[in-house]
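Working through the structure, step by step
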Amino acid sequence: MYCKNCGSKMDDIAVICVKCGAPKGQGFKYCMECGNEVSPLKDTCDNCGCSIVYNALQPASSNDNALSIIGLVLGIASLILLFVIPLLGLACGIAAIIIGKIASEKRYGDSFAKAAVILGIASIVVFLLRLVATFAFLSMLSDLL
């Protein structure tokens, strides 16, 4: 058995890793069966083929959650601001997309981060639709005059 936090060999009866001090079974950087580094986006180890689904189930740190929530709030604010101050709403939408992408890269499968990205994209679409509608209205108005 290998430490999932640092990849060093562990005794089967060990409670913690003697190299890094991580409790047995904690961590998600290394394969428990062969000790090779693993990607949190894969279901199996590239070296030995054992299942590493547990890597995606690691709890997020509070900073990751905070970043996701900030992105979500920016996404919601962007949709509201589009009808009051359109350019500020667009800026919030772009910021929501960027922050949502950063948060989703830090924590695989975070629903708040995905929602932030979706809301940011929706705000850009609404901004563009509003821009087109404004130009169409101004065009019709100029034709009447």
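Everything here concerns the structure above.
Residues numbered from 1 in each chain as written. Predicted model: local features only at pLDDT ≥ 70, side-chain atom pairs only at ≥ 80, totals over all residues. Heavy atoms only, no water.

Next up on the list: the overall build of the protein chain. Each helix and strand counted, the protein chain has three helices and zero strands in total. In the protein chain, the succession of α and β elements from N to C terminus is α-α-α. Put simply, the protein chain has 145 residues, and 32% of those count as buried. When contacts within the protein chain are restricted to residue pairs at least 6 apart in sequence, long-range pairs at least 24 apart make up 44% of them. (Helix = DSSP H or I, 4+ residues; strand = E, 2+ residues; numbered from the N terminus. Buried < 20%, exposed > 50% of the residue type's maximum accessible area, 1.4 Å probe, protein only. Contact = heavy atoms within 4.5 Å.)

Enumeration over the complete set of coordinates arrives at zero disulfides. Cysteine Cys-17 shares no disulfide, and the gap to the nearest cysteine sulfur, in Cys-6, comes to 3.6 Å. (Disulfide = S-S within 2.5 Å.)

Let us now look at the environment of Lys-42. Within the fold, Lys-42 resides in the segment before helix H1 (62-81). As for Lys-42 and Ile-52, which are separated by ten residues in sequence, their C-alpha atoms are 7.2 Å apart.

Attention now goes to the side chain of Ser-78. Along the polypeptide, Ser-78 turns up in helix H1. What Ser-78 contacts, discounting residues up to four positions off in sequence, is Gly-89, Cys-92, Gly-93, Leu-119 and Ser-123.

A rise of 1.5 Å per residue sets the reference length of helix H3 (residues 111-144), with its 34 residues, at 50 Å; its end C-alpha atoms lie 49 Å apart and thus fit the reference within 8%. Along H3, the residues classified as buried are Ala-113, Ala-116, Val-117, Leu-119, Gly-120, Ser-123 and Phe-127. (Expected span 1.5 Å × (residues − 1).)

In this section: a nonpolar patch on the surface. A cluster of nonpolar side chains, contributed by Leu-128, Leu-131, Phe-135, Phe-137, Leu-138, Met-140, Leu-141, Leu-144 and Leu-145, occupies part of the molecular surface with about 1,000 Å² of accessible area. Residue position: Phe-137 is located in helix H3. (Patch = residues over 30% accessible without salt bridge, like charges linked within 9 Å, V, L, I, M, F, W, Y side chains within 5 Å. Areas by Shrake-Rupley, 256 points an atom, 1.4 Å probe, with all protein chains shown as cover. Salt bridge = Lys/Arg side-chain N within 4 Å of Asp/Glu carboxyl O.)

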